[in-house]
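One letter stands for each residue in the lines below.
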Amino acid sequence: MIERKDILTIPYLKKTTFTGSYEGMRFRFALIKTEEEEHLEVCAWEAPYAYDFTSEEKKQRKEAAFSEEGIREGIDWLNELWNKEPERWKKALTNW
């Protein structure tokens with residue numbers, strides 16, 4: 001299970017994206033800025049490939065507030081995705 005301590009801080013996310021993985025699920029937290037707003041984008045996809053080498057149709061995304069609450073919301077969403085299909089994510093570990 002992904003926990004809050006596994007994801008870096010708001011100051012870190014203001015400077016760059018954060019990527020990680022959990023048992024076959026790859027994920028990314030990124031600050032998205034537009035002229036009107038800024039928000040946190042959380043993205044999940046199957047291993048083994050990095051974000052830039054995974055096609056868009058294989059990625060799942062969620063937007064949240066760029067805040068501590070938004071990070072926690074993103075973590076909860078990732079854990080829900082993993083818990084809905086654990087075999088899918090575990091199988092991704094062997095996709096090399």
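Please refer to the structure higher up on the page.
Note that the structure is a prediction, hence the values are computed from the model and not measured.

> Let's hear about the sheet that holds strand β1 (residues 18-22): which residues, and what values?
The four strands lie next to each other as β1-β2-β3-β4, forming an open sheet whose pairing is antiparallel. This sheet does not close on itself; its edge strands, each paired only once, are β1 and β4 (60-65). The average angle at which neighbouring strand axes cross in this sheet is 20 degrees, direction not considered. Pairing geometry for β1 and strand β2 (residues 25-33), over five bridges, is antiparallel. Following the sheet pairing, glycine 20 is matched in β2 by phenylalanine 27. Contacts from helix α2 (residues 68-84) reach β1, β2, β3 (38-46) and β4, with the element oriented near 20 degrees to β3.

> Can you lay out unusual backbone geometry for me, pointing to particular residues and giving the numbers?
Here alanine 47 and proline 48 are connected by a cis peptide whose omega angle stands at 15 degrees. The topology assignment puts proline 48 in the loop between β3 and β4. Positive phi, normally seen in glycine, also occurs at glutamate 23, with a value near 45 degrees. Relative to the helices and strands, glutamate 23 is located in the loop between β1 and β2. Looking at glutamate 23, the relative accessible area reads 38%, which means it is partly exposed.

> Give me the environment of glutamine 60: which residues, what numbers.
Mapped onto the elements of the fold, glutamine 60 is located in strand β4. A residue is classified by how much of its surface remains accessible, and glutamine 60, at 27% relative accessible area, is partly exposed. Here the alpha-carbon distance between glutamine 60 and glutamate 87, two residues 27 residues apart in the chain, equals 17 Å. Excluding its chain neighbours within four sequence positions, the residues that come into contact with glutamine 60 are Val42, Cys43, Ala44, Trp77, Leu81, Arg88 and Trp89. Of the polar contacts made by the side chain of glutamine 60, one reaches the side chain of arginine 88; its length is 3.4 Å.

What counts and what doesn't
Counting from 1, residues in each chain are numbered in the order their sequence is written. In keeping with the predicted nature of the model, local features appear solely for residues at pLDDT of at least 70, side-chain atom pairs appear and are counted solely at 80 or more, and the whole-chain, interface and lining totals rest on all residues. As a rule here, side-chain values cover all heavy atoms of the structure and leave hydrogens and water aside. One bridge is not enough; two strands pair if DSSP finds at least two bridges between them. To qualify as a helix, a DSSP run of H or I must reach at least 4 residues; to qualify as a strand, a run of E must reach at least 2; elements of each kind are numbered from the N terminus. Where helices are involved, their axes are fitted lines through C-alpha atoms of the stretch in contact, as for all axes, and angles between N-to-C directions lie from 0 to 180°. Contact definition: two residues touch when any of their heavy atoms are within 4.5 Å. The classification of residues rests on relative accessible area computed with a 1.4 Å probe and restricted to protein chains. Under 20% of the type maximum is buried, over 50% is exposed, and intermediate values are partly exposed. For this analysis, a polar contact is any N or O atom pair within 3.5 Å, provided that within protein one partner can donate a hydrogen and the other can accept it, and provided that sequence-adjacent residues contribute only side-chain to side-chain pairs.

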